[in-house]
Amino acid sequence: MTTPIPPGIAVPDQVESRLGTLNFMDGVPDKASTQKLYDNLDFQRAVQAYLLALPVVNQASNRNNILTMGPANKTVPIWENLVDSTTIELTANDNTPYTWFWLDLREGPVVVEAPPKVLGLVDDMWYHWNGDIGLTGPDKGKGGKYLLLPPGYKGDIPEGYFVVRPGSLSVWVAWRSFVVDGDPTPGVDLVKQHTKIYPLSKVDNPTSPRFINMSCKPFNMVGPAGYQFWELLNSVVQGEPTETVDPTTLGFWASIGIQKGKPFKPDARMKKILKEAAAVGDATARAIAYRFRQKNGRLFDDRQWRYAFLGGYKFQWQPGVANLDASAFFFFLATGVTPAMDTRIVGKGSTYPWTALDSQGNPFDGGKNYKLHLPPHIPVATFWSVIVYDTQTRSMLQTDDPHPSVSSQNKDLQTNADGSVDVYFGPQPPTGKKSNWVQTIPGKSWFMILRLYGPLKPWFDKTWRPGDIELQE
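Anyway, here's the lowdown on the structure attached to this text. (Residues numbered from 1 in each chain as written. Predicted model: local features only at pLDDT ≥ 70, side-chain atom pairs only at ≥ 80, totals over all residues. Heavy atoms only, no water.)

## A closer look at the overall build of the protein chain
How we decide: Comment: elements are numbered from the N terminus, with helices defined as DSSP H or I runs of at least four residues and strands as E runs of at least two. C-alpha atoms define the radius of gyration in this analysis, and the globule rule sets the expected value at 2.2 Å times the number of residues to the power 0.38. What makes two residues a contact is simply this: any of their non-hydrogen atoms within 4.5 Å. The positive count covers Lys and Arg only, the negative count covers Asp and Glu only, and His and the chain ends enter neither. All charge positions are set by atom: Lys at NZ, Arg at CZ, Asp at CG, Glu at CD.
Secondary structure assignment for the protein chain yields seven helices and 26 strands. Rg of the C-alpha trace for the protein chain: 25 Å, near the compact-globule value of 23 Å for 473 residues, within the 12% margin. Summarising its shape, the C-alpha atoms of the protein chain cover approximately 85 × 65 × 40 Å along the three principal directions. Across the protein chain, the fraction of contacts at a sequence separation of at least 24, relative to all contacts at a separation of at least 6, is 72%. Computing the positive centroid from 47 side-chain charges and the negative centroid from 46, the protein chain places the two 2 Å apart.

## Some points on helix α4 (residues 247-255)
Put simply, the rule is: What qualifies as a polar contact is a pair of N or O atoms within 3.5 Å, subject to a donor-acceptor requirement within protein and to the restriction that residues adjacent in sequence count only when both atoms come from side chains.
Among the residues of α4, the N-terminal cap falls to Asp-246, whose side-chain oxygen and the backbone nitrogen of Thr-248 are separated by 3.2 Å. Following α4 by one or two positions, Gly-257 adopts a phi angle in the positive range, close to 100 degrees.

## A closer look at the sheet that holds strand β2 (residues 20-25)
Our working definition: Two strands make a pair as long as DSSP finds a minimum of two bridges between them. Every axis in this analysis is a line fitted to C-alpha atoms, fitted for helices over the stretch in contact. Angles between the N-to-C directions lie between 0 and 180 degrees.
Taken in spatial order, the three strands of this open sheet run β1-β2-β3, and their pairing is antiparallel. The sheet terminates laterally at β1 (14-17) and β3 (28-29), the two strands that pair on one side only. Across four bridges, β1 lies against β2 in antiparallel orientation. Across the sheet, residue Val-15 finds its bridge partner in β2, namely Leu-22. Each of β2 and β3 is contacted by helix α1 (residues 31-66), which is oriented at about 125 degrees to β2, the strand it contacts most.

## Structural notes on the packing of α1 against α4
What counts, and what does not: Convention used here: angles under 35 degrees read as roughly parallel, angles over 145 as roughly antiparallel, angles from 65 to 115 as roughly perpendicular, and any remaining angle as oblique. Here a crossing is called left-handed whenever its near helix is offset anticlockwise from the far helix by less than a right angle, and right-handed whenever the offset is clockwise. Throughout this entry, Asp, Glu, Lys and Arg are counted as charged residues, while Ala, Val, Leu, Ile, Met, Phe, Trp, Tyr, Cys and Pro are counted as nonpolar. The remaining residues, Gly among them, count as polar.
Where α1 meets α4, the axes come as close as 9 Å, and the angle between the chain directions of the two elements is 125 degrees. Judged on the interaxial angle alone, α4 and α1 are oblique. The two elements α1 and α4 meet at a crossing, and its hand is left-handed. Of α4, the residues touching α1 (which contributes Arg-45, Gln-48, Ala-49, Leu-52, Ala-53 and Val-56) are Thr-249, Phe-252, Trp-253 and Ser-255. Here the residues of the contact of α1 with α4 sort into six nonpolar, three polar and one charged.

## What to know about the packing of aromatic side chains
As a reminder of what qualifies: Only rings of Phe, Tyr and Trp enter the pairing, Trp through its six-membered ring, and a pair is recorded when the two centres are within 6.5 Å. The plane angle decides the type: under 30 degrees is stacked, over 60 is edge-to-face, the rest tilted. Between buried and exposed lies partly exposed: a residue is buried under 20% and exposed over 50% of the maximum accessible area for its type, with that area taken using a 1.4 Å probe on protein chains only.
Summed over all chains, the structure comprises 31 aromatic pairs. For the ring pair Tyr-127 and Trp-172, a centre distance of 6.2 Å and an interplane angle of 85 degrees mean the geometry is edge-to-face. Highlighted residues: Tyr-127 in the loop between β8 (119-124) and β9 (129-134) and Trp-172 in strand β12 (residues 170-176), separated in sequence by 45 residues. Measuring from ring centre to ring centre gives 5.0 Å for Tyr-146 and Phe-162, while their planes differ by 45 degrees; the resulting arrangement is tilted. Separated by 16 residues along the polypeptide, Tyr-146 in strand β10 (residues 144-148) and Phe-162 in strand β11 (residues 162-164) bring together distant segments of the chain. Overall, the relative accessible area of 28% leaves Phe-162 in the partly exposed class.

## Some thoughts on unusual backbone geometry
For Asp-26, which is not a glycine, the phi torsion comes out positive at approximately 50 degrees. Within the element layout of this structure, Asp-26 appears in the loop between β2 and β3. Given the relative accessible area of 69%, Asp-26 is considered exposed. The backbone phi angle of Lys-462 is positive, close to 65 degrees, even though this residue is not glycine. Following the sequence through the fold, Lys-462 ends up in the loop between α7 (457-460) and β26 (469-471).

## A few points about empty space enclosed by the protein
The test is simple: Site definitions follow a grid-based scheme: protein atoms alone, a 1 Å grid, a 1.4 Å probe that fits but cannot get out for cavities, and for pockets an open set with protein on both sides within 12 Å along at least five of seven lines, plus lining residues having an atom within 4 Å of a point. Grid points are joined across faces, edges and corners, and a volume is the space filled by probe spheres set on the points.
Applying the stated criterion across every chain yields a total of four cavities of 30 Å³ or more. In this structure, the largest cavity encloses a volume near 450 Å³. Forming the walls of the largest cavity are 33 residues, and the residues nearest its centre are Tyr-98, Thr-335, Gly-336, Met-341 and Tyr-352. Of all the elements in the fold, those that place two or more residues in the lining of the largest cavity are β6 (98-104), β8, β12, α6 (324-333) and β25 (446-455). When its residues are assigned to classes, the lining of the largest cavity shows 21 nonpolar, eight polar and four charged. In this structure, the second largest cavity occupies an estimated 50 Å³ of space.

## Here we look at the side chain of Ser-170
Tracing the backbone shows Ser-170 in strand β12. For Ser-170, a relative accessible area of 4% gives the class buried. Looking at Ser-170, its side chain comes within polar contact range of the side chain of Glu-240, at 2.7 Å. If near-sequence neighbours (up to four positions away) are discounted, Ser-170 is found in contact with Arg-63, Trp-102, Leu-103, Arg-106, Asp-124, Met-125 and Glu-240.

## Concerning the pairing of strand β7 (residues 110-114)
Along β7, five of the five residues are buried, which leaves the element largely enclosed by surrounding structure. Side chains of β7 alternate between two faces, with Val-110, Val-112 and Ala-114 and Val-111 and Glu-113 buried alike. Pairing of β7 with β10 involves five bridges; the strand directions are antiparallel. When the bridges of β10 are listed, Val-111 appears paired with Leu-147.

Written out as C-alpha cells, the structure is:
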C-alpha cells in the first residue's frame with residue numbers, strides 16, 4: 001500500500017549545492033557526498049565555535065600575559081602615566097589610569113580592599129559580568145572590602161563585605177582612577193595607598209600587593225587567531241568550571257573536540273578544518289566589527305556612528321535571546337563588560353559612539369586627511385575624548401605620539417567661536433591645528449571612538465549629534 005507523499009519530504013537523487021553535486025540513493029547520501037556534508041558541518045560548527053569563543057580567548061590572553069608580570073593575588077599592574085600605544089590591548093583609553101589584575105580563587109575566598117574614587121568591574125573567565133567596584137558599585141566610590149567567593153562555595157560568609165560570586169576560579173578585576181587638573185598622580189596614589197588583596201583566611205594580616213607601572217612598557221594582551229586560538233580555548237575549558245556557560249555554546253566547542261575532561265587531539269583532517277575555520281572566523285569577526293550590517297546598530301539613520309553595546313551588556317535581541325553578531329563585534333574589539341558602560345542615566349557612567357567608516361561609507365585611509373565636527377555644547381558632565389585605533393591590533397594606533405587622541409582634558413584644545421570643536425586626522429597636521437589633530441599612518445587604516453563621560457540629556461534624546469568624519473580634498 002502506498003499513499004501520496006507531500007512535496008518537500010523526499011530528496012531527489014541529485015542535489016546541486018554550494019558543496020557541489022550531492023548524490024543520493026532513495027534519500028541516502030553516497031559515501032562521497034556524506035564526506036562533503038560532514039566536512040562542511042564540522043567547518044560550519046568550527047566557525048561558530050570560534051565566534052562564540054572570542055570573549056573567552058580574549059580573557060585567556062589577558063590573563064596569561066598579565067601573569068607574566070607576577071603571580072595572581074599578589075601582583076597589580078597599573079598604568080600610572082596612562083595607557084599609551086606601546087600597550088597592545090583592545091581599545092584601551094589614554095584618559096584615565098588603569099589598575100588591572102587577576103585573582104585566583106582555587107585556594108578559597110579572596111578579599112580585595114578597593115580604594116575610593118575609582119570606577120571598576122569584576123568579570124570572570126567566561127567574560128560574564130559579576131559586579132562593579134567603585135562609583136557604580138555598592139561602595140559608591142567610597143572604597144570598601146569586596147569578598148570574592150569561588151564557584152560553589154558553601155562556607156560561612158562573614159559580615160562587612162560586598163560579596164561577589166564569579167563563575168570561574170580565575171577572575172579579572174580592573175578599575176580606573178581619574179586625572180585631577182591633568183595629573184594622574186592623585187588617583188594613582190589613592191590606589192596604591194588603599195588597595196589590598198589577601199585570602200579571607202588571613203584577614204587578620206592583610207597585605208598590600210606589588211604594583212608594577214606598565215606605562216611606556218611594550219606589552220601585549222591581545223589574543224592570537226590561528227590554531228593557537230583553539231589551544232587557548234581548550235585550556236580554559238579544562239581549567240575552569242563550566243556550569244555558567246550555556247549548553248549550546250559548550251555543544252559547539254564539544255563538536256570540534258573541546259570538551260571538559262577529555263584530551264583535545266584533532267586528527268589531520270580536523271586540524272586542517274580548524275585552521276581554516278580560525279582564519280574564516282577571524283575574517284568574519286572583522287567583517288562584523290568594521291562593516292556591521294544590523295540597522296539597529298546605527299546611532300543615527302543618516303550617519304556612520306555605531307553603538308558599542310547593542311542589546312545591553314548581555315548582547316541580546318530581547319531578554320533570553322542572544323544577539324550573536326553584537327557579541328562577536330564587541331569581544332573582537334573591546335575589553336571589559338559592565339552595565340555602567342551602557343548606562344542611560346543622565347550625567348552618569350559613559351558612552352562610546354564609534355566608527356570605522358567615513359561619511360561615504362569607506363574605511364579610513366591613513367594616508368588621507370579627514371575632519372570631525374563636534375557641534376557646540378558637547379553633552380558631557382565630565383569630559384570627552386577622541387582616540388584613534390589600529391584596525392589590525394584594535395589597539396591605539398602607533399604614531400610619533402604615544403597618545404593618538406584629542407580630549408577636552410587637553411588645555412591646548414582649540415574651540416571655535418560658537419563652542420564647537422573640529423578634530424583632524426591625517427599624516428600631517430593642518431596649519432595651526434596641531435592641538436586638535438591625531439596623526440595617522442599612510443598604508444594603514446584606522447577607526448576611532450568618541451568617549452563621552454557623564455553623557456547629558458542632549459545625547460540621549462539625540463538633539464546633539466556629532467558630524468560624520470569627512471574626507472578632506
